[in-house]
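# A look at the structure
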Amino acid sequence: MDRAIANNASLEASNATLAVAREQVLAVRGRGRVQADANARVEHEQVNLSGFEFEGSNREFDLYSIGGGVSYDLDLFGGQRRRVEQASARAESQLRQTEAAHLAIAGQVVNQVLLIAAIRARIATAQALLAEDQRNIDLTRKRQQAGEGTLVEVLNAESQFQNDRGEIPQLGQQLAEARHLFATLTGVAPSRLEVTDFDLSGLALPPQVPVTIPSALVRKRPDILQAEADFHAATAAIGVATAQLYPNVTLGATLTQGAPHLDDVFGSASREIDLFAGLTAPLLRGGTLKAQRRAAVEQARAASATHLQTVLDAFRQMATCSRRSTAISVRW
């Protein structure tokens, strides 16, 4: 299982997807902080003086400028905060998917180990039975030669031998398929798989098989935690859609140094400072924003229903496992 956790390609992809989700949280959170940019520009211009009713020929000159600006979104209605909350919930959902993938791979590895051991035990039993069939053939032939048996008895023994021998190739094919899947789970090619001499005698049930399973374990299942995270992300999306219905206020400032000569760019005479506050409010969007909010509400309802169904399925599975555990303990 350690090798599968370390080398399985599906788990590696799941881990990478989780890393992407976590980086997206940082990216969304960064948009809510102060934003700063720098810029530099070189221009060659020609001014048409006659177009401004000035006399003289058109002038050509170079213009050098360098500057920067900062801006900050006040987020008065919480849209950015809900985006961060939504991204965090999605990352949580991906984390639970990754945990479920790890559990699934570990469970498949255990199943393949048990299957390989069981098939090898069946092959050993079939080979032992085949040896008994061969001894039976020898005995019936000796009895026939001694005049105590018939040819029919010999033919029946040989027929039983052939029937039992035909099962071994099928078991060998099943064993090869089980080993191939086991190799895939552990992240190696089937040709590079090491010896898998798993034996049922080396495996045992736990010392105590629980006859009941506490319902508190349901809360820790990755599928339920993922459903909760998806529902959280859906409710955060409602907040994002709601904030888009209201105005957005941005504060900012820019500083620009510009001059026709490069040596004069940093002079105080060529400095321009701009302080601003901007407000953007939706007026006519054709009902798009309201429709998006209604869609977000319905998406949250769907996520809530999915969460409820996931919980019910989990309780059903746990109840089934409890009944099976009781049956195992009784047989044991």
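Position numbers for residues start from 1 in each chain and track the written sequence from start to end. Where totals are concerned, whole chains, interfaces and linings use all residues; where local detail is concerned, this predicted model gives features only for residues with pLDDT of at least 70, and gives and counts side-chain atom pairs only at 80 or more. The basis for every side-chain value is the complete set of non-hydrogen atoms in the structure, without hydrogens or water.

## With respect to the overall build of the chain
The cut-off we apply is this: Runs of E in the DSSP output that reach at least two residues are strands. Runs of H or I that reach at least four are helices, and both are numbered from the N terminus. As a reference, a globule follows 2.2 Å times the number of residues to the power 0.38, and the radius of gyration itself is taken over C-alpha atoms. Burial here depends on accessible area, computed with a 1.4 Å probe over protein chains only, as a share of the maximum for the residue type. Under 20% is buried, over 50% is exposed, and the range in between is partly exposed. Should any heavy atoms of two residues lie within 4.5 Å, those residues are considered in contact. The accessible surface values rely on the Shrake-Rupley method and a 1.4 Å probe; as for residues, cover is taken only from the protein chains in view.
Along the chain, the regular secondary structure elements total 7 helices and 4 strands. Ordered by position in the sequence, the α and β elements of the chain form the string α-α-β-β-α-α-α-α-β-β-α. Whereas a compact globule of 332 residues would reach a radius of gyration of roughly 20 Å, the chain reaches 38 Å, over 25% beyond that. By principal-axis analysis of the C-alpha atoms, the chain measures approximately 140 × 45 × 40 Å. The buried share of the chain, reckoned over its 332 residues, is 26%. Pairs at least 24 residues apart make up 76% of the contacts formed inside the chain by residues separated by at least 6 positions. A total of about 22,000 Å² of accessible surface is found on the chain, and carbon and sulfur atoms cover 55% of it.

## Topic: helix α2 (residues 9-31)
This is how the line gets drawn: A helix is expected to reach a length of 1.5 Å times the quantity of its residues less one. Residues adjacent in sequence count toward polar contacts only when both atoms are side-chain atoms; beyond that, a polar contact is any pair of N or O atoms within 3.5 Å, and within protein one must be able to donate a hydrogen and the other to accept it.
Here α2 contains 23 residues, and its C-alpha end-to-end distance of 33 Å stays within 8% of the 33 Å for a straight helix at 1.5 Å per residue. Elements that come into contact with the buried residues of α2 comprise α1 (2-7) and α3 (79-145). For α2, the capping residue at the N-terminal end is N8, with a side-chain oxygen 2.9 Å from the backbone nitrogen of S10.

## With respect to the environment of H44
Topologically, H44 is positioned in strand β1 (residues 35-47). Placed 13 residues apart in sequence, H44 and R31 show a C-alpha to C-alpha distance of 35 Å. When sequence neighbours within four positions are dropped, the list of residues in contact with H44 reads E60, F61 and D62. Reaching out from H44, the side chain makes a polar contact with the side chain of E60 at a distance of 3.2 Å.

## Some words on unusual backbone geometry
Positive phi outside glycine occurs at D75, with the angle close to 50°. Relative to the helices and strands, D75 is located in the loop between β2 (59-73) and α3. According to the relative accessible area criterion, D75 is buried, its value standing at 12%.

## Topic: the packing of aromatic side chains
So the rule is basically this: In this analysis, rings of Phe, Tyr and Trp, with Trp reduced to its six-membered ring, are considered paired at centre separations within 6.5 Å, and the interplanar angle assigns stacked below 30 degrees, edge-to-face beyond 60, and tilted for intermediate values.
One pass over the structure, following the stated rule, counts 2 aromatic pairs. Taking 4.9 Å as the distance between ring centres and 20° as the angle between the ring planes, the aromatic pair formed by F77 and Y246 counts as stacked. With a gap of 169 residues between them, F77 in the loop between β2 and α3 and Y246 in the loop between α6 (222-243) and β3 (248-259) connect regions that are remote in the sequence. Between F182 and F198 the ring centres are 5.6 Å apart and the planes differ by 75°, which places this aromatic pair in the edge-to-face class. Of this pair, F182 sits in helix α5 (residues 167-185) while F198 sits in the loop between α5 and α6; the two residues are 16 residues apart in sequence, bridging distant segments of the chain. Residue classification places F182 among the buried positions, given a relative accessible area of 9%. On the basis of relative accessibility, which here comes to 25%, the residue F198 falls in the partly exposed class.

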